[in-house]
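One-letter residues, chain by chain:
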Amino acid sequence: LDPCLKHAGIRIGLVKGTGGEPPLKGLMRNGQGIYANYKGRTYQAAVYSTGIIRLRGKKYLTPTAAAMSIVDSRTRNGWTFWMYKDGKGNLVPLKKLRK
């Protein structure tokens, strides 16, 4: 884990198999938005080049952690909950970025 993240107020720990880095690190442009609709509300978060997700003033290491903060559940898959805009401006599931 990047030493600067140790004291960054991150909410949820890393997932096994990420090599000690947030799973979105390097997959999106710095500040790129991710979007979700839940119970009639639209949510937007920003993803930074470090992979950190900023949502409602809090930081999260994984898409799932950010999604769970909205749905207040321990079983929400953030890779299917969040969408991002592709090169054509279409919203597509975040899971498309996974290898």
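In this report, we go over the structure that sits alongside the text. Every chain begins its residue count from 1, and numbering advances along the sequence as written. Local features are withheld for residues below a pLDDT of 70 in this predicted model, meaning they are given only at 70 or higher, and side-chain atom pairs are given and counted only at 80 or more; totals for whole chains, interfaces and linings count all residues. Excluding hydrogens and water, the side-chain figures rest on all heavy atoms present in the structure.

Looking at the packing of aromatic side chains
Only centres within 6.5 Å qualify two rings of Phe, Tyr or Trp (six-membered ring in Trp) as a pair; their planes then separate them into stacked at under 30 degrees, edge-to-face at over 60, and tilted for everything else. Inspection of every chain in the model, using the stated rule, returns two aromatic pairs. Relative to W82, the ring of F81 lies with its centre 5.3 Å away and its plane at 85°, an arrangement referred to as edge-to-face. Exposure categories follow from relative accessible area, calculated using a 1.4 Å probe and restricted to protein chains: below 20% of the type maximum is buried, above 50% is exposed, and the middle band is partly exposed. The exposure class assigned to F81 is buried, which follows from its relative accessible area of 6%. Residue classification places W82 among the buried positions, given a relative accessible area of 0%. One aromatic cluster in this structure is built from Y38, F81 and W82.

Describing the nonpolar core
For our purposes a nonpolar core is just a set of buried Ala, Val, Leu, Ile, Met, Phe, Trp, Tyr and Cys residues, chained together by side-chain atoms within 4.5 Å. Counting 22 residues, the largest nonpolar core has L24, M28, I34, I53, W82 and L94 as its most contacted members. For this core, the leading source of residues is helix α1 (residues 63-71), giving five residues. Elements are defined by DSSP. Helices are runs of H or I of four residues or more, strands are runs of E of two residues or more, and each kind is numbered from the N terminus.

A closer look at the sheet that holds strand β3 (residues 53-55)
One requirement defines pairing of two strands: DSSP has to find at least two bridges between them. Strand order in the open sheet formed by six strands is β4-β3-β2-β1-β5-β6, and the pairing between neighbours is antiparallel. For this open sheet the edge positions go to β4 (58-60) and β6 (91-93), each flanked by a neighbour on one side alone. Pairwise comparison of adjacent strand axes, ignoring direction, gives a mean angle of 35° for this sheet. The contact criterion used throughout is that any non-hydrogen atoms of two residues lie within 4.5 Å. In this analysis, axes come from line fits to C-alpha atoms, helices being fitted only over the stretch in contact, and the angle between any two N-to-C directions falls in the range 0 to 180 degrees. In this fold α1 packs onto β1 (32-38), β2 (41-47), β3 and β4, with an angle of close to 15° to the strand it touches most, β3.

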